[in-house]
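Structure at a glance
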Amino acid sequence: MTATLLAVALSLISAVAYATAAVAQERLAARTAAQGHGGGLRLLANSAWWAAVGLNAGGALLHVAALRYGTLTLVQPLGALTLVAAVPLGAHRAGRRVARREWQGTVLTLAGLAALLLTASGPAPDDALSLTEALLVAGATSTLLALLARPGGRPGLRHATASGLASGIASALTQTLTVSAGGPHLPLWQAGIVALLVAAFAAGGLLLAQTAYRGGLGAPLAVLTLANPVAAAVVGLSLLGEHLRGGAPGLGLTLGGALVAAWGVVLLSRASARQPGASTVVRGSASVPPPQEPAPPREPDPDPLPVETLPLALRTVPVPPPGLPHPADGAAHAHGGRGPRAA
């Protein structure tokens, strides 16, 4: 097997692992939201959450291995296959069909991402960030993440954006490790510091994604997938000497891809909001509707008219419960079955 085919195979398996983890995180996020305060701490004792963590870690390791055997231009676009796998996986897990709007949003998002990655990426870099540059990138990214993940408001696209940025920076720092760790540009002790930064941003991206998926899977995952390569491209263009391919046409393709991807995100947002199961509460392995609001109390009926005031034809004789003799039957039996004696 050639290095290119190995990189493609590793990237495909990585995308499937990320997608499966995203579907599991969505269900766990819904369960956490239903449990209220303290639900996040219960995740530490949940085997499904640790399985999702393992899938994310496995996907990350496979992605790093793919970067070892393939160029960034080849490997990064294949990471967008996470969207292709996650949308039908999520629909299957929820017991429904993939909506037409979801397919349209997925295709548009992937097309826009392909255009962005095609113009912003280039051959495998032979340069890496210095420790000073890595620390500056980490500080600026941490400030931006704090603004996006500030308390207040509903979780959703801003948390997904923060998760994508954190994951993108983690990938950029990981690439620095794979290119020059232990070499003259990055001694081992400096590589250890960069590795700690990678772990911090990877863990932060995981937790931010967990929060973002409370609002549904499609749109947050699309934003996360879009923000990831954008963050990596910013680092490459500003610090690693990379440039947009194709000159002016390449710049136009980049802007067009950004618009197409943004429209795909809008479609996925609308599709996620219209799904009938979006507001279900996950309990155990089954999804059930959330508790219904209690019905408003009925106003008491107006006082009925006294029986004595009703016409004789409208008066009714109370019916005894089953098994008890009717009053008329008792009277008839007392008088030999001839009914009550006339006065």
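Please refer to the structure higher up on the page.
In this report, we go over the structure that sits alongside the text. Small disclaimer: the values here were computed from a predicted structure and weren't measured.

Calculation rules
Residues numbered from 1 in each chain as written. Predicted model: local features only at pLDDT ≥ 70, side-chain atom pairs only at ≥ 80, totals over all residues. Heavy atoms only, no water. Helix = DSSP H or I, 4+ residues; strand = E, 2+ residues; numbered from the N terminus. Buried < 20%, exposed > 50% of the residue type's maximum accessible area, 1.4 Å probe, protein only. Contact = heavy atoms within 4.5 Å. Axes fitted to C-alpha atoms, helices over the stretch in contact; angles between N-to-C directions. Parallel < 35°, antiparallel > 145°, perpendicular 65-115°, else oblique. Left-handed = near helix turned anticlockwise from the far one by under 90°. Patch = residues over 30% accessible without salt bridge, like charges linked within 9 Å, V, L, I, M, F, W, Y side chains within 5 Å. Areas by Shrake-Rupley, 256 points an atom, 1.4 Å probe, with all protein chains shown as cover. Salt bridge = Lys/Arg side-chain N within 4 Å of Asp/Glu carboxyl O. Core = buried A, V, L, I, M, F, W, Y, C linked by side-chain atoms within 4.5 Å.

1. Notes on the overall build of the protein chain
The helix and strand tally for the protein chain stands at 12 helices and two strands. Secondary structure elements in the protein chain, listed N-terminal to C-terminal, are α-α-α-α-α-α-α-α-α-α-α-β-β-α. Sorting the 343 residues of the protein chain into buried and exposed places 39% on the buried side. Put simply, 77% of the contacts in the protein chain that link residues at least 6 apart link residues at least 24 apart.

2. Considerations on the packing of helix H8 (residues 157-180) against helix H10 (residues 218-239)
Helix packing for two helices is described by the angle between their axes and how far apart those axes are. Packing of H8 against H10 leaves a shortest axis separation of 7 Å and a crossing angle of 40°. Here H8 is positioned oblique relative to H10, judged by the angle of their axes. Classified by chirality, the crossing of H10 by H8 is right-handed. Touching Leu157, Ala160, Thr161, Ser163, Gly164, Leu165, Ser167, Gly168, Ile169, Ser171 and Ala172 of H8 are Ala219, Pro220, Val223, Leu224, Ala227, Asn228, Ala231, Ala232 and Val235, all from H10.

3. Quick word on a nonpolar patch on the surface
A contiguous nonpolar patch, built from Leu12, Leu81 and Val84 and spanning about 200 Å² of accessible area, is present on the exposed surface. Examined against the element boundaries, Leu12 turns out to sit in helix H1 (residues 3-35). Exposure remark for Leu12: the relative accessible area of 39% places this residue in the partly exposed category.

4. Observations concerning the pattern of salt bridges
Evaluated as defined, the whole model comprises one salt bridge. For Arg96, the salt bridge goes to Glu102, with nearest N and O atoms at 3.0 Å. The class for Arg96 is partly exposed, based on a relative accessible area of 28%. Looking at Glu102, the relative accessible area reads 7%, which means it is buried.

5. Concerning the nonpolar core
Counting 26 residues, the largest nonpolar core has Leu145, Ile169, Leu173, Val194 and Phe201 as its most contacted members. Breaking this core down by element, the ones donating at least two residues are helix H7 (131-148), H8, helix H9 (188-212) and H10. Phe201 has contacts with Ala138, Thr141, Ser142, Leu145, Ala166, Ile169, Ala170 and Leu173, leaving out every residue within four places of it along the chain. Ranked by size, the runner-up nonpolar core spans 25 residues in total, among them Leu83, Ala160, Ala222 and Leu226.

Just geometry here; none of it tells us what the structure is for.
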